[in-house]
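What follows is the residue order along each chain.
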Amino acid sequence: MVEILEEIMERHSGRAYSDKPVSDESIESILEAGRWAPSCSNTQAWNFVVLKDKDALKLGREHLSRGNAWGKVAPVMVIVAAEEDGGCPAHGLPYFMMDVGLAVQNMLLQAVHIGLMGHPTAGWKEEGLKESLGIPDKFRIVTVVTFGYQADLNSLDTETREKETTRTSRRPFDEVVHWNKW
Ligand SMILES: Cc1cc2nc3c(=O)[nH]c(=O)nc-3n(C[C@H](O)[C@H](O)[C@H](O)COP(=O)(O)O)c2cc1C
């Protein structure tokens, strides 16, 4: 296999979070990485609501879907919100979603770089989250990303440990890549 950035290969959407606190400096480095993402006409559609204090986390955690209950242990949640019309309407495509996606991937890779784990999610109740956190109506929540240290995997039962260490697969290279023409 050709060599790519270590952080890309190390990143995974794990569910076993330790409750070990994350320093403000680490959180800031993740947000800063997000802020430097490219965006359509530099519109920078992203907004980050960072939940890191006990009361704020409690509010945020209440709106996670049942399937994402594992996220309640993560010591940091970043709510990523954007205006649906982010101001870059090329091709009639919702480019604000691409802006946000690029920012989130930057954040995920920076997290790996500093020894943390990030997990993007779509499983939460948008209205409840917006109301609890005072997010204005005109914004949509695109994703909620949990950040924290991975729990010591030895503390997990065998089945969970296996899930946490098995890499997800990808469509084959030759199915995805078209050289010179489709
Ligand atoms: C937009 C988006 C929404 C996702 N929502 C959830 C979610 O609600 N719950 C969850 O456990 N994982 C969620 N994931 C994680 C994906 O399941 C995961 O990225 C995918 O299976 C590939 O695994 P990997 O990230 O470990 O490489 C989401 C990922 C993305 C990009």
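All of these numbers come straight from a predicted model, not from anything done at the bench.

(A) Quick peek at the overall build of the protein. A count of helices and strands for the protein gives seven helices and four strands. Secondary structure elements in the protein, listed N-terminal to C-terminal, are α-α-β-α-β-α-β-α-β-α-α. For 182 residues, the compact-globule estimate of 2.2 N^0.38 gives 16 Å, and the C-alpha radius of gyration of the protein, at 17 Å, lies within 12% of that figure. Overall, the protein is about 50 × 45 × 30 Å in size when its C-alpha atoms are taken along their principal axes. Contacts in the protein between residues at least 24 apart in sequence constitute 80% of all its contacts with a sequence separation of at least 6.

(B) Highlighting the environment of Asp99. Here Asp99 is to be found in helix H4 (residues 95–113). For Asp99, a count of 25 C-beta atoms within 10 Å puts it in the buried group. Separated by 76 residues in sequence, Asp99 and Glu175 place their C-alpha atoms 26 Å apart. Beyond its immediate chain neighbours, meaning those up to four positions away, Asp99 contacts Ala37, Ser39, Cys40, Thr43, Gln44, Ala45, Trp46, Ala82 and Gly86.

(C) Expanded view of the site of the ligand. Taken together, His12, Ser13, Asn68, Pro120, Thr121, Ala122, Gly123, Thr143 and Thr168 are the residues near the ligand. When the residues that make up the shell around the ligand are grouped by side-chain class, the tally is two nonpolar, seven polar and no charged.

(D) Representation of the pairing of strand E4 (residues 139–148). Of all 10 residues in E4, seven are buried; the element is thus mostly enclosed. Where strand E2 (residues 76–83) lies against E4, eight bridges are found, and the strand directions are antiparallel. When the bridges of E4 are listed, Val76 appears paired with Phe147. Note that strand E3 (residues 117–121) and E4 share five bridges and pair antiparallel. Among the inter-strand pairings, His119 is bridged to a residue of E4, identified as Thr146.

(E) Region of interest: unusual backbone geometry. Its identity as a non-glycine residue notwithstanding, Asn42 has a phi of 55°, on the positive side. Mapping Asn42 onto the fold places it in the loop between helix H2 (24–35) and strand E1 (47–51). Look at Gln44: it is not a glycine, yet its phi comes out positive at around 50°. You can see Gln44 is positioned in the loop between H2 and E1.

(F) View of the sheet that holds E1. The four strands are arranged E1-E2-E4-E3 in an open sheet whose pairing can be described as antiparallel. Where the open sheet ends on each side, the last strands, each with one partner, are E1 and E3. On average, each strand axis in the sheet is inclined to that of its neighbour by 25°, with strand direction left out of account. Strand contacts of H2: E1, E2 and E4, with the helix running at about 165° to E1, the strand carrying the most contacts. In this fold helix H5 (residues 126–133) packs onto E1, E2 and E4, with an angle of close to 80° to the strand it touches most, E4.

(G) Seen up close, the environment of Ala103. Relative to the elements of secondary structure, Ala103 occurs in helix H4. With 28 C-beta atoms counted inside 10 Å, the residue Ala103 sits in the buried group. A C-alpha to C-alpha distance of 23 Å links Ala103 and Ala16, two positions 87 residues apart in sequence. Ignoring sequence-local partners within four residues, the contact set of Ala103 consists of Gly34, Ala37 and Trp46.

(H) Main features of the nonpolar core. Core analysis: the biggest nonpolar cluster contains 34 residues, and Ile79, Val80, Val100 and Phe147 have the highest contact counts within it. Those elements giving two or more residues to this core turn out to be E2, H4 and E4. Looking at this core, the element that brings in the most residues is H4, giving eight residues. Val100 has contacts with Ala45, Trp46, Val80, Ala82 and Val142, leaving out every residue within four places of it along the chain.

What counts and what doesn't
Residues numbered from 1 in each chain as written. Predicted model: local features only at pLDDT ≥ 70, side-chain atom pairs only at ≥ 80, totals over all residues. Helix = DSSP H or I, 4+ residues; strand = E, 2+ residues; numbered from the N terminus. Rg over C-alpha atoms; globule rule 2.2 N^0.38 Å. Contact = placed C-beta atoms within 7 Å. Buried ≥ 20, exposed ≤ 12 C-beta atoms within 10 Å, placed from the backbone. Near = placed C-beta within 6 Å. Nonpolar A, V, L, I, M, F, W, Y, C, P; charged D, E, K, R; others polar. Pairing = 2+ DSSP bridges. Axes fitted to C-alpha atoms, helices over the stretch in contact; angles between N-to-C directions. Core = buried A, V, L, I, M, F, W, Y, C linked by C-beta atoms within 7 Å.

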